[in-house]
Amino acid sequence: MFYNFNHIVFALLAVVFSFCGCEKVIVIEGKPAVEGIQGNPDKDVYYTALSYPEGYDWIGDPSGGEIEISLLLLRNSDLLLSLNANSLNQVSTQADMHYLFGEDLYCLWSDGEKCSVKKNGDYCCRWQSEERLCDLLVSNGEIFTLGIRRGNELIFRQNGSILLQEENAELTDGLFEDDGEVCFAFARLLESNDNTVARQYFLAHGPERTQIIPPMEASRLYSVTRQDGVLHTLGQIAGKKQLIAVKGPNAYVISYSQYQDLRGAQLVSCDGKILIHAQVKTASVWRDIWWEGTKTFHITEPGLQLLTSPSSSLKFGCLSSIGARTGPLTLFDGNNSCKLDSRYTFFSSNAALFTTRGAIIGVNDSAKNFRPVIINGADTLRYTFNGYFTRISLP
């Protein structure tokens, strides 16, 4: 599967049992997992992490400059893969440029001249282009990417070949899958004689695009998606503090008149439902809010960030601001919330998964020189490498 190990050497130090669960200090021996060892799909969790040389201040400079950085793929406490993260190897140190789909690690690379996609360290496809890759989806072994070139040109590819290309466009919704099609949504920008910009909205599905007509009341659309073949749109009503949401033939209005302002309104799929996520301003503080229909589903305390996890059955949670050196972290699964100790810090918005097993998150412990920690339900796994977890996935 993936067997390329560079230089990371860790030792198993100790196992300690705490009152509320199992706490382990891990964990990785100096070689990858033996080929042929099978995992347990009912219990396995896959992680990616960035590992830096001992003593290096990755919080101050995560890009690393000329130092040696490794991108790790782990299954539970077993190291499956270690890749040199550098331009020569076309593996980025940016956490949002690598993805986990089940047990497979995909790395995106774009440097203004060339682009590539790697799976478990091997090239899947590569091409010459100035585009900046911004999204990836893998479906039935096919690799779909979205790129942006020269600021406002969208390029949609399958296995490196162009499916759709749109100039003077802005992305409204990234890649998603519905009814066996890989889709995304964008607005075509039309400049008029008076230098104002009008927008036409489209849902792209495969090589095709379908124009979306906004409701008459809407001055613009913020978000477009499709679920089970049913089209959903979210727009702004002109001159009012109101959103208009459309599901198939039905429309409803959401008022935010009690808030000073609103930004970042978006449709999000959560546990088979389409929710509306935005940020609202109260007393000069921005807070995240979610609506289900016209009902407020949840609103955070100031400073919290909301996350969703589309691959699990519990798909909603919130955590404190990314990269803050102090907590506390708050988890919320749609019904209950709890706070972790303020010593824990969260550095990657993709290192959290809300599942039927409970929350699984990758954090760093400020009381232990910011060493990485996995909190999996009642269990705490402490790792000895210098770095942080970037993604979490189930098989």
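Residues numbered from 1 in each chain as written. Predicted model: local features only at pLDDT ≥ 70, side-chain atom pairs only at ≥ 80, totals over all residues. Heavy atoms only, no water.

Visitor: Provide a residue-level description of the overall build of the protein, including the pertinent values.
Guide: Per the secondary structure count, the protein includes zero helices and 35 strands. In the protein, once contacts between residues fewer than 6 apart in sequence are set aside, the share between residues at least 24 apart is 41%. Counting every atom, the protein has about 18500 Å² of accessible surface; 47% of that belongs to carbon and sulfur. (Helix = DSSP H or I, 4+ residues; strand = E, 2+ residues; numbered from the N terminus. Contact = heavy atoms within 4.5 Å. Areas by Shrake-Rupley, 256 points an atom, 1.4 Å probe, with all protein chains shown as cover.)

Visitor: Summarise the environment of Val280; cite the residues concerned and give the values.
Guide: Structurally, Val280 can be placed in strand β23 (residues 273–282). On a C-alpha basis, the gap between Val280 and Gln258 in space is 9.5 Å, while along the polypeptide they are 22 residues apart.

Visitor: I'd like to hear about the sheet that holds strand β20 (residues 242–247), residue by residue, with values.
Guide: Across the sheet, which stays open at both edges, the four strands sit in the order β18-β19-β20-β21 with antiparallel pairing between neighbours. A single partner strand is all that each edge strand has here, and the edge strands are β18 (218–227) and β21 (250–255). Here the average twist between neighbouring strands, direction ignored, is 20°. Note: β18 against strand β19 (residues 230–237), eight bridges, orientation antiparallel. (Pairing = 2+ DSSP bridges. Axes fitted to C-alpha atoms, helices over the stretch in contact; angles between N-to-C directions.)

Visitor: Just give me the short version of the sheet that holds strand β9 (residues 122–128), but keep the residues and values in it.
Guide: Reading across from one edge, β6-β7-β8-β9 is the order of the four strands in this open sheet, with antiparallel pairing throughout. Two strands bound the open sheet, and with one partner strand each, they are β6 (98–101) and β9. Averaged over all pairs of adjacent strands, the angle between strand axes in this sheet comes to 15°, irrespective of strand direction. Of the pairings in the sheet, the one linking strand β7 (residues 104–110) to strand β8 (residues 114–119) comprises five bridges and is antiparallel in character. By the bridge assignment for β8, Trp109 is matched with Ser116.

Visitor: So what's going on with unusual backbone geometry? Residues and values would help.
Guide: At Asn159, a position not held by glycine, the phi torsion is positive, near 55°. Take Asn159: it is sitting in the loop between β12 (153–158) and β13 (161–166). Phi is positive for Asn168, close to 50°, though the residue is something other than glycine.

Visitor: How would you explain the pairing of β20 if you had to name every residue and give the values?
Guide: Bridge count between β19 and β20: five bridges; the pairing is antiparallel. Within the sheet, the bridge partner assigned to Leu234 lies in β20 and is Ala245. Direction of pairing for β20 relative to β21: antiparallel, over a ladder of six bridges. Pairing of Leu243 across the sheet is with Ile254, part of β21. The turn linking β20 back onto β21 is made up of two residues, and Gly248 within it adopts a positive phi angle of 60°.

Visitor: Explain the confidence of the model for the protein residue by residue, including any values.
Guide: In this model, the protein carries a mean pLDDT of 81, and residues with pLDDT of at least 70 account for 79%. Of the regions scoring below 50 in pLDDT, residues 320–327 engages in 25 contacts with residues more than four places distant in sequence or in other chains. (pLDDT = per-residue confidence, 0-100.)

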